[in-house]
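# Working through the structure, step by step
One letter stands for each residue in the lines below.
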Amino acid sequence: FSKYTIEQNLTSAEKALDDNLQDSRSNFISITARYGYISEEHTVTTQDGYILTMFRIPKGKRCIGSVRQPPVLLMHGFLVNSDSWTDAGPLASLAYLLPDACYDLWIGNVRGTDYGRRHVRLDPDTDSEFWNHTSNEMGKYDIPAFIDYILNTTSSNQVIYMGYSQGARLLIIMCSETDYCSKVKLFIGMAPAVRLLYTRSIPLRLLVNFYKLILPLLTSPFELEVLPKGGFIQRLASYVCRDYAASATICKVVLDLIDSYDPLSVLTQTVRVLYGHTPADSSARNIVFYSQNDAPTFNKYDYGAAKNLEIYGSAAPPLYALNRTTIPVVFLYGRNDYLVDPKDVMWLTTQLPNVLETYQVRSPTWNHLDFTYSQFIPLQIFPKINQYLLKYTNRVSLNKG
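Residues numbered from 1 in each chain as written. Predicted model: local features only at pLDDT ≥ 70, side-chain atom pairs only at ≥ 80, totals over all residues. Heavy atoms only, no water.

## Section: the overall build of the protein
- A tally of regular secondary structure across the protein gives 17 helices and 12 strands.
- When the backbone C-alpha atoms are referred to their principal axes, the protein occupies close to 60 × 55 × 45 Å.
- With 401 residues in all, the protein has 58% of them scored as buried.
- The long-range share in the protein, meaning contacts at least 24 apart out of those at least 6 apart in sequence, stands at 77%.
- Summed over all atoms, the accessible surface of the protein reaches about 16,100 Å², with 55% contributed by carbon and sulfur.
- Side-chain charges in the protein split into 37 positive and 37 negative, and the spacing between the mean points of these groups amounts to 6 Å. (Helix = DSSP H or I, 4+ residues; strand = E, 2+ residues; numbered from the N terminus. Buried < 20%, exposed > 50% of the residue type's maximum accessible area, 1.4 Å probe, protein only. Contact = heavy atoms within 4.5 Å. Areas by Shrake-Rupley, 256 points an atom, 1.4 Å probe, with all protein chains shown as cover. Lys, Arg positive; Asp, Glu negative; His and termini not counted. Charge placed at Lys NZ, Arg CZ, Asp CG, Glu CD.)

## Overview of the UniProt feature "active site" (unreviewed entry) in the protein
- When the UniProt feature table is mapped to this numbering, "active site" (unreviewed entry) covers Ser165, Asp337 and His368. The greatest C-alpha distance among the annotated residues, which extend across 204 residues, is 11.1 Å, indicating that they converge on a single site.
- Here Asp337 lies in the loop between β10 (329-333) and α14 (342-351).
- On the accessibility criterion, Asp337 (0% relative accessible area) is buried.
- At a separation of 2.8 Å, a polar atom in the side chain of Asp337 contacts the main-chain amide nitrogen of Leu339.
- Of note, His368 is situated in the loop between β11 (355-360) and α15 (370-373).
- With relative accessibility at 3%, the residue His368 sits in the buried group. (UniProt positions renumbered as here; feature names shortened; annotations may be inferred. Polar contact = N/O pair within 3.5 Å; in protein donor to acceptor, adjacent residues only side chain to side chain.)

## Brief notes about the confidence of the model for the protein
- Looking at the protein, pLDDT values average 93 and 94% of them are 70 or higher.
- Scored below 50 in pLDDT, residues 1-20 shows 16 contacts in the model against residues more than four places distant or in partner chains. (pLDDT = per-residue confidence, 0-100.)

## Here's the deal with the pairing of β11
- Where β10 and β11 come together, 5 bridges link them in parallel fashion. Looking across to β11, one finds that Phe331 is bridged to Thr358. (Pairing = 2+ DSSP bridges.)

## So, the pattern of salt bridges
- Applying the stated rule across the entire model yields 20 salt bridges.
- Overlapping salt bridges, with partners in common, bring together Arg117, Asp125, Glu225 and Asp281 in one network. (Salt bridge = Lys/Arg side-chain N within 4 Å of Asp/Glu carboxyl O.)

## Notes on the packing of aromatic side chains
- Inspection of every chain in the model, using the stated rule, returns 18 aromatic pairs.
- Here the aromatic rings of Tyr161 and Phe187 are separated by 5.9 Å at their centres, their planes lie at 65 degrees, and the arrangement is edge-to-face. Remark: Phe187 occurs in strand β7 (residues 184-190) and Tyr161 occurs in strand β6 (residues 159-164); sequence separation between them is 26 residues. Neither Tyr161 nor Phe187 differs from the other in exposure class; each is buried.
- Through a chain of ring-to-ring contacts, three or more aromatic side chains come together here, namely Trp85, Tyr164, Trp366 and Phe371.
- Of note, Arg169 hangs over the ring of Tyr290, and the distance from its end group to the ring centre comes to 4.3 Å. (Phe/Tyr/Trp six-rings, centres within 6.5 Å; stacked < 30°, edge-to-face > 60°. Lys NZ or Arg CZ within 6 Å of the ring centre and 35° of its normal.)

## So, the side chain of His42
- Along the chain, His42 turns up in strand β1 (residues 40-45).
- Polar contacts involving the side chain of His42 include one to the side chain of Glu40, which spans 2.8 Å.
- Every residue in contact with His42, bar those within four places of it in the chain, is listed here: Leu52, Thr53, Met54, Arg56, Trp106 and Tyr149.

## Quick word on the packing of helix α5 (residues 135-154) against helix α6 (residues 166-177)
- Packing of α5 against α6 leaves a shortest axis separation of 8 Å and a crossing angle of 85 degrees. Of the possible angle classes, the one that applies to α5 and α6 is roughly perpendicular. Contacts between α5 and α6 pair Ser135, Asn136, Met138, Gly139, Lys140, Ile143, Pro144 and Ile147 from the former with Gln166, Arg169, Leu170, Ile173, Met174 and Glu177 from the latter.
- Grouping the constituent residues of the contact of α5 with α6 by class yields 7 nonpolar, 4 polar and 3 charged. (Axes fitted to C-alpha atoms, helices over the stretch in contact; angles between N-to-C directions. Parallel < 35°, antiparallel > 145°, perpendicular 65-115°, else oblique. Nonpolar A, V, L, I, M, F, W, Y, C, P; charged D, E, K, R; others polar.)

## Comments concerning the state of the cysteines
- Within the structure shown, the criterion is met by 3 disulfides.
- At a sulfur-sulfur separation of 2.0 Å, the disulfide partner of Cys63 is Cys102. Its S-S torsion of approximately 110 degrees makes the covalent link between Cys63 and Cys102 right-handed. With Cys63 in the loop between β2 (50-57) and β3 (67-75) and Cys102 in the loop between α4 (94-100) and β4 (103-108), the pair connects residues that are 39 residues apart, well separated along the chain.
- With a relative accessible area of 9%, Cys63 lands in the buried category.
- Disulfide pairing places Cys175 opposite Cys181 at an S-S distance of 2.0 Å. Taking the sign of the S-S torsion, about 75 degrees here, the bridge from Cys175 to Cys181 comes out right-handed.
- With relative accessibility at 6%, the residue Cys181 sits in the buried group. (Disulfide = S-S within 2.5 Å.)

Shown next, in the form of structure tokens:
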């Protein structure tokens, strides 16, 4: 009854809010249009039937001349979606910086997010099978589907892949499990969440271990869908954090507890907006997968000895073939990242055969969330990203498809 009463009050209060925070209540197309960017919405269906939404900004409003090719695919992190790439605003977000630098930008959304809650036969609200996925299936099916769609639409032979946190993890899984690695010309990984042995984020450890404990008890779609956008927790956080004073204090403190303290990096206005889009859904099984990555190696999902024998042919889950990521790789990381510790990034670089550079962001306080939300993205990481994009792209006439 209390939850119902609060939800009703939230609904009434949300309607009474002014329009100063339209970004927090809008989708990707509306947000980008508000700042003068023309974006496109595309629907992609994976081999196993998930229907996903991908957005494209074919050219930025500050781009003069022709667009550079091949196209760039940008993938979001854990518990967020494509909207997160706009939250820092048009002067700092990669969703604007990349097309303004004349890159043909595509931004994907994985299964389970609010932009990925459709399937050719399964209903996410009534079919528990819909939520029977982890980042393994995202890497094996979602990313290849995006790549095929982009290549078919643009008539390109390859894409450049930029992945943040979970987004970087998916490319490595894809290369291990499929033959699609050859369709990627360059991989830029930001804070790659692969092995998480040294994670210092206490909230993350509590979340993943809690779901590891209760997963056997979860059966219904309502239980297997975790932290949905539009759910009670997200709506409450969005309402509270739209208030400037709350955003500047308690809402920023929550971010600092999840990651680490980075003073002045994330503007209060960005905090007010990001809670309107975050969290944005995941599956309980995917969260449990992260608990299993607290290990010296990067293994496939552990179903237990009996089911592992049935699926993998061995009692223990096999290792991912990290050495199959043979494409040129550039990693960026922050020394103050509490979610993906620098030691785990350094370990990953030793497992891949073609790492061009592992770049530590100059700011000593740069953390995990800064890659998406910091006002200093144009100064701290975009120059390094652009350095490699310029090297691996050329200006050509853009085919809008």
